[in-house]
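So you can see what is in the structure, the chains are spelled out below.
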Amino acid sequence: QIQLVESGGGLVQAGASMRLSCAASGRTVNLYTMGWFRRAPGQEREFVASISWRGTSTDYTDSVRGRFTISRDNAINILYLDMNSLKPEDTAVYFCASSTRRTVPSGTSSEYDYWGQGTQVTVSS
């Protein structure tokens, strides 16, 4: 069993930066792909970023590429999302997710088996 707990959300102004963290527990969580997804009000959940099990390969959705950085520390089982130049359209509930099957980045939600409860990020204009 894997448990994921996100933290770091909140309210910021446009242009600000924020770091999200996801504390993971479970015997094999550091062996597999992890990712961040988000769901904006009234919209479907969408892919944000993904990272390989070693942290050497990443992938991003186009709207955040160059502004967001995903990273992981396998020694302490924490996944990060550093968000810069935040925009109002980044407002959403952000979820971290863990796969138990993949080791390379993936933007497909069905590839992930465990999900956190989410943390709210609100960017004001």
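If you're wondering where the values come from, they're calculated on a predicted model, not measured in any experiment. (Residues numbered from 1 in each chain as written. Predicted model: local features only at pLDDT ≥ 70, side-chain atom pairs only at ≥ 80, totals over all residues. Heavy atoms only, no water.)

K.L.:
Help me out: how do you make sense of the nonpolar core in this one?
P.N.:
Across soluble globular proteins, you tend to see nonpolar side chains buried next to one another. Of all hydrophobic cores here, the largest spans 27 residues; its most connected members are Trp36, Leu81, Met83 and Tyr94. Looking at this core, the elements that each hand over two or more residues are strand E3 (18–25), strand E4 (34–39), strand E5 (45–51), strand E7 (68–73), strand E8 (78–83), strand E9 (92–98) and strand E11 (119–124). Ranked by the residues each element gives to this core, the list is headed by E3, at four residues. Beyond its immediate stretch of four places on either side in the chain, Met83 contacts Ala16, Ser17, Met18, Leu20, Arg67, Phe68, Tyr94 and Val121. (Core = buried A, V, L, I, M, F, W, Y, C linked by side-chain atoms within 4.5 Å. Buried < 20%, exposed > 50% of the residue type's maximum accessible area, 1.4 Å probe, protein only. Helix = DSSP H or I, 4+ residues; strand = E, 2+ residues; numbered from the N terminus. Contact = heavy atoms within 4.5 Å.)

K.L.:
Honestly, the packing of aromatic side chains in this entry has me stumped. Any pointers?
P.N.:
Think of a pair of aromatic rings as described by two things: how far the centres are apart, and how the planes are tilted against each other in angle. Summed over the entire model, instances satisfying the criterion amount to four aromatic pairs. When the ring of Phe37 is compared with that of Phe47, the centres are 5.6 Å apart and the planes differ by 70°; the resulting orientation is edge-to-face. Taken together, the residues Phe37 in strand E4 and Phe47 in strand E5 connect sequence positions 10 residues apart. You can call Phe47 buried: its relative accessible area is 13%. Members of the aromatic cluster, each reached through a chain of ring pairs, are Phe37, Phe47, Tyr112 and Trp115. Here the basic side chain of Arg19 rests over the ring of Tyr80, its NZ or CZ set 4.2 Å away from the ring centre. Its guanidinium or amino end placed over the ring of Trp115, Arg45 lies 3.9 Å from that ring's centre, counting from NZ or CZ. (Phe/Tyr/Trp six-rings, centres within 6.5 Å; stacked < 30°, edge-to-face > 60°. Lys NZ or Arg CZ within 6 Å of the ring centre and 35° of its normal.)

K.L.:
How do you make sense of the sheet that holds E7 when you look at a structure like this?
P.N.:
Through backbone hydrogen bonds, the strands of a sheet pair up, either in parallel or in antiparallel fashion. Strand order in this open sheet of four strands is E1-E3-E8-E7, and the pairing throughout is antiparallel. The outermost strands of the open sheet, each flanked by one partner alone, are strand E1 (3–7) and E7. In this sheet, neighbouring strand axes are inclined to one another by 15° on average, regardless of whether the strands run parallel or antiparallel. Sheet analysis places E3 next to E8, joined by six bridges and oriented antiparallel. What sits directly across from Ala23, in E8, is Ile78. (Pairing = 2+ DSSP bridges. Axes fitted to C-alpha atoms, helices over the stretch in contact; angles between N-to-C directions.)

K.L.:
It is not clear to me how the environment of Ser110 should be interpreted in this structure. Could you clarify?
P.N.:
Within the secondary structure, Ser110 sits in the loop between E9 and strand E10 (114–115). Here Ser110 falls in the exposed class, since its relative accessible area comes to 51%.

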